[in-house]
Amino acid sequence: MKNSLSFIFFLSIVLLGQAQTKTKHTLRKRYITIDDYQKRYNKPLTKKDSLNMIEKDGFKLVLIEDSNDVVKNGKSVPYEYKDSTFLAQYTKIGFTHRNNTYSDSTTSKYWKQPIKLFFDKNIPNKTKKSFVKFAKNIISQVDSLSVLTVNKIEDSNYIIYYSNGYNYESNLNNSKNSDYYIYWKNKGSKIYKGAIKINKDKLFNETLRLNKMKSHFILSLGYFSYNKTLDCENFFSGCYQNEVYLSDFDLEILKYHYSYGICKGTYISTFNEQHKRAKKTLKQYNSKMFFFHSDEKTK
Amino acid sequence: MIHQKLEKKVEFSKQIVLTNAGVEKIIDTTILVNDSNKFEFINTFDNLSNYDIVNNYRDAVFSIKNSTIRQFIEPIQIYIDDRIPKEIRKEFKVFVDAIPNIENLSITFVNKLNESNYYINLAEKDFIGISPDILKNYTNEERENLVFEKIKQTCLYDMNTNIYGCRLDVNTSILNDKNVLTKLKKAFFISLGNFTVITSGMPKGSVLDFRTHSIDRLSEDDILLLKMHYFHIYDFKVDSKTFTNFVRLNKKNNEK
């Protein structure tokens, strides 16, 4: 086939879906020369074709019909293989079922936007600094997750406070113990807000408070569950750690939770199915499936 | 039975391998291995074969329905509020220091609250730690010996119901009681295993015997109880049924 000149022009269109979602996609149109058009379609140009013609580099170009496709902006990421033992442990941690009852439609939860920490004034500076150092150290090892501190509560999406001060999170008002609370869209999976409340009386010194803060923070990164199958040297075992730390396995779980080598925030049934298919493709064809992640931004 | 409950534990490792193209690649593998060591301690747990000791232990730990063994999983580091009179603090320390070495149970005193995981604190406000409904079941004389009317115990538990911290809040009014030290000692001992004080059946002089009104040092029976309780630190919940299985398994192993 003779070389034809095809020009692809991209236009950005803002589509308004739900009130809180702005999505930028790409409208793709393809053009070819008049000669190539006539050879391809074996017909003369129509009036509509004439109206859709453009000129580029001295050539007159005709729009190819049905070439308007909306191409989502985003990235395709190759499948990240994980053995079945790892996946079995991961699903116990990464998918927390409501009322501890298994459901196929339980989704994994993750932060899409940066975590912006605000500390109540009752928290001593030393505790704050230690916590931030810990949080940044963990998060620096995880792709697509970030954390920063803010001085104004209105700039934050994550608040940490003690029980003897103002109750920032109404859902934690009745918690007698230290606890955390996170928000995600109804039936969704993107976490957009969180809070940790530390019971200052029960945790009677800053060492205990800081430790509890750290463990709640890690759990809130994905609404994670403890997995009693794991040895006590792992954070996700639920065993007490004198000083909270993540083992290699814990870190791998967290990294995997934020990996784009599989679809994110899906139902657990979809998650399992996708792995099954991707592994089958790998085995049968020795090639990897790709998972597309669009650049959707939430307000 | 226990053998069927032999759990597998997860082992995770990363390896660096060379691909065909000569590129270094990190491969991680996760495997499940039989945790065959999990119940080995039963073979050397000699006290499991002593009927009296086991019975006392059951009374102390499993009297309340659905209770599980609770152990301190960290060395205990006690900080006592300075506002508690020096004589009381001193005698309490002598009492604790007199507890002989028990494997898996370490108790020391620290000078800074931040270094502690066991806090004996003088309460800001007086309280009555036992509800009136329960108090009315006791005579005035019996009430004078109740430990938790003027002492409040709050402990911190992990997912396996093991203890990693405790605080005893003490009423100011208790400082005038003649038996303040006995109550403090009893409260401390009880917290070491979330033990239960019972009205009858415990050895004479035991902290856990309701009729014991005065404690100087721990009795031999109570020390034995602590040795039993801390013989092995469990990383899983142990309820009454599981404990019974330990006893059976120990017996079976001894018969071989």
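Since the model is a prediction, treat every value here as computed from it, not as a measurement.

What counts as what
- Residues numbered from 1 in each chain as written.
- Chains lettered and ligands numbered in written order.
- Predicted model: local features only at pLDDT ≥ 70, side-chain atom pairs only at ≥ 80, totals over all residues.
- Heavy atoms only, no water.
- Helix = DSSP H or I, 4+ residues; strand = E, 2+ residues; numbered from the N terminus.
- Buried < 20%, exposed > 50% of the residue type's maximum accessible area, 1.4 Å probe, protein only.
- Contact = heavy atoms within 4.5 Å.
- Areas by Shrake-Rupley, 256 points an atom, 1.4 Å probe, with all protein chains shown as cover.
- Lys, Arg positive; Asp, Glu negative; His and termini not counted.
- Charge placed at Lys NZ, Arg CZ, Asp CG, Glu CD.
- Domains from an automatic or database assignment.
- Buried area = accessible area lost by both parts, 1.4 Å probe.
- Salt bridge = Lys/Arg side-chain N within 4 Å of Asp/Glu carboxyl O.
- Expected span 1.5 Å × (residues − 1).
- Arc of directions from axis to C-beta.
- Core = buried A, V, L, I, M, F, W, Y, C linked by side-chain atoms within 4.5 Å.
- Pairing = 2+ DSSP bridges.
- Axes fitted to C-alpha atoms, helices over the stretch in contact; angles between N-to-C directions.
- Parallel < 35°, antiparallel > 145°, perpendicular 65-115°, else oblique.
- Left-handed = near helix turned anticlockwise from the far one by under 90°.
- 1 Å grid on protein atoms, 1.4 Å probe; cavity = no way out; pocket = protein on both sides within 12 Å on 5 of 7 lines; lining within 4 Å.
- Points joined across faces, edges and corners; volume = space filled by probe spheres on them.
- Nonpolar A, V, L, I, M, F, W, Y, C, P; charged D, E, K, R; others polar.
- Disulfide = S-S within 2.5 Å.
- Polar contact = N/O pair within 3.5 Å; in protein donor to acceptor, adjacent residues only side chain to side chain.
- pLDDT = per-residue confidence, 0-100.
- Phe/Tyr/Trp six-rings, centres within 6.5 Å; stacked < 30°, edge-to-face > 60°.
- Lys NZ or Arg CZ within 6 Å of the ring centre and 35° of its normal.

Draft legend 1. Focus on the overall build of chain B. Counting secondary structure elements, chain B contains 7 helices and 7 strands. Mapped in sequence order, the helices and strands of chain B form the string β-β-α-β-α-β-β-α-α-β-β-α-α-α. Based on the C-alpha atoms only, the size of chain B along its principal axes is roughly 80 × 45 × 35 Å. Expressed as a percentage of its 256 residues, the buried residues of chain B come to 47%. Of all intrachain contacts in chain B linking residues separated by at least 6 positions in sequence, the fraction that spans at least 24 positions is 68%. Working note: accessible area of chain B is about 14000 Å², and carbon and sulfur atoms make up 48% of it. On chain B, the mean spot of the 35 positive side-chain charges and the mean spot of the 35 negative ones are 3 Å from each other.

Draft legend 2. Quick look at the environment of Arg209(A). Residue and element names in this part refer to chain A. One can find arginine 209 in helix α5 (residues 206-220). Exposure remark for arginine 209: the relative accessible area of 8% places this residue in the buried category. Apart from residues lying up to four places away in sequence, arginine 209 is in contact with Tyr162, Ile198, Lys200, Leu203 and Phe204.

Draft legend 3. Expanded view of the domain arrangement of chain A. Residues and elements named next belong to chain A. For chain A, the domain assignment lists domain 1 (2-80 + 266-298) and domain 2 (84-257). With 13 residues of domain 1 at the contact, the number on the domain 2 side is 18 residues. For the pair domain 1 and domain 2, the summed buried surface comes to about 1200 Å²; carbon and sulfur atoms form 58% of the total. Summed over the shared surface of domain 1 and domain 2, the result is 0 salt bridges.

Draft legend 4. Region of the structure containing helix α2 (residues 86-97) of chain B. Residue and element names in this part refer to chain B. Taking 1.5 Å per residue, 12 residues should reach 16 Å; α2 reaches 16 Å between its end C-alpha atoms and fits that length. Taken together, the buried positions of α2 are occupied by Ile88, Phe92, Phe95 and Val96. Each buried residue of α2 lies within a common arc of 95 degrees when the element is viewed along its axis, so the set occupies one face. Away from the buried face of α2 by more than 90 degrees, exposed residues Lys86, Glu87, Lys90 and Asp97 are located. Next to the buried residues of α2 lie β3 (76-80), β4 (107-109), β5 (118-122) and α5 (180-191).

Draft legend 5. Seen up close, the nonpolar core. Residue and element names in this part refer to chain B. Counting residues in each nonpolar core, the largest one holds 63 residues, and the members touching the most others are Phe92, Ile120, Leu226, Phe243 and Phe246. If you tally residues by element for this core, the top one is α5, at 7 residues. For phenylalanine 92, the residues in contact, after removing those within four places along its chain, are Ile78, Ile80, Phe109, Ile120, Leu181, Leu184, Lys185 and Phe188.

Draft legend 6. Broad picture of the sheet that holds strand β6 (residues 151-157) of chain B. All names here are of chain B. The 5 strands are arranged β4-β3-β5-β7-β6 in an open sheet whose pairing can be described as mixed. Edge positions in the open sheet fall to β4 and β6, since each of these has one partner strand only. With direction set aside, neighbouring strand axes in the sheet form an average angle of 20 degrees. As judged from the 5 bridges shared by β5 and strand β7 (residues 163-170), these two strands associate in the parallel manner. Its bridge partner being in β7, leucine 122 is matched across the sheet by valine 170. Packed on one face of the sheet, α2 meets β3, β4 and β5 and runs near 155 degrees to β4.

Draft legend 7. Quick peek at the packing of helix α1 (residues 51-62) of chain B against helix α7 (residues 240-255) of chain B. Residues and elements named next belong to chain B. Put simply, α1 and α7 touch, their axes get as near as 11 Å, and they point 165 degrees apart. By the criterion of interaxial angle, the relationship of α1 to α7 is roughly antiparallel. Helix-helix and strand crossings are classified by hand; for α1 and α7 the assignment is right-handed. On the side of α1, the interface is formed by Val54, Tyr57, Arg58 and Phe62, while α7 contributes Ser240, Phe243, Thr244 and Val247.

Draft legend 8. Molecular detail of empty space enclosed by the protein. All names here are of chain A. The tally for this structure, following the rule as stated, stands at 2 cavities of 30 Å³ or more. The volume enclosed by the second largest cavity comes to roughly 90 Å³. Forming the walls of the second largest cavity are 13 residues, and the residues nearest its centre are Tyr90, Ser108, His257, Cys263 and Lys264. Here the residues of the lining of the second largest cavity are counted per class, giving 7 nonpolar, 5 polar and 1 charged.

Draft legend 9. Focus on the state of the cysteines. Applying the stated criterion across every chain yields a total of 2 disulfides over all chains. Shown here is the disulfide that connects Cys232(A) with Cys239(A), its sulfur atoms set 1.9 Å apart. Across the S-S bond linking Cys232(A) and Cys239(A), the dihedral sits near -50 degrees, which makes this disulfide left-handed. The class of Cys239(A) is buried, set by a relative accessible area of 10%. Between Cys155(B) and Cys166(B) runs a disulfide, and the two sulfur atoms are separated by 1.7 Å. On the S-S bond that ties Cys155(B) to Cys166(B), the torsion sits near 55 degrees, and the link is right-handed. Of this pair, Cys155(B) sits in strand β6 while Cys166(B) sits in strand β7, and the two are 11 residues apart along the sequence. Here Cys155(B) matches Cys166(B) in class, with each residue buried.

Draft legend 10. Here's a closer look at the interface of chain B and chain A. In this complex, chain B contributes 28 residues to the contact, which on the side of chain A involves 27 residues. Between the two partners, chain B and chain A, sit 0 salt bridges. For the pair chain B and chain A, the number of links is 9 residue pairs in polar contact (both at pLDDT 80 or more).

Draft legend 11. The confidence of the model for chain A, seen in detail. Across chain A, the average pLDDT comes to 82, with 80% of residues at 70 or higher. Here residues 1-22 of chain A is modelled with pLDDT under 50, and outside its nearest four sequence neighbours on either side it reaches 51 contacts, counting other chains as well.

Draft legend 12. Focus on the pairing of strand β10 (residues 158-162) of chain A. All names here are of chain A. The element β10 is largely enclosed, with a buried count of 5 among its 5 residues. As paired elements, β10 and strand β12 (residues 190-198) share 5 bridges and run parallel to each other. From the neighbouring strand, isoleucine 160 faces β12, where its bridge partner is isoleucine 196.

Draft legend 13. Summary view of the packing of aromatic side chains. In total, this model carries 42 aromatic pairs over all chains according to the counting rule given. Ring plane angle 40 degrees and centroid distance 5.6 Å describe the contact between Tyr90(A) and Phe271(A), whose orientation is recorded as tilted. Of this pair, Tyr90(A) sits in helix α3 (residues 84-94) while Phe271(A) sits in helix α7 (residues 268-285), and the two are 181 residues apart along the sequence. Its relative accessible area of 3% is what places Phe271(A) among the buried residues. An aromatic cluster of three or more residues is present, and its members are Phe39(B), Phe41(B), Phe45(B), Tyr57(B), Phe62(B), Phe231(B), Tyr234(B), Phe236(B), Phe243(B) and Phe246(B). A cation over an aromatic ring shows up here: Arg209(A) above the ring of Tyr162(A), its NZ or CZ 5.6 Å from the ring centre.

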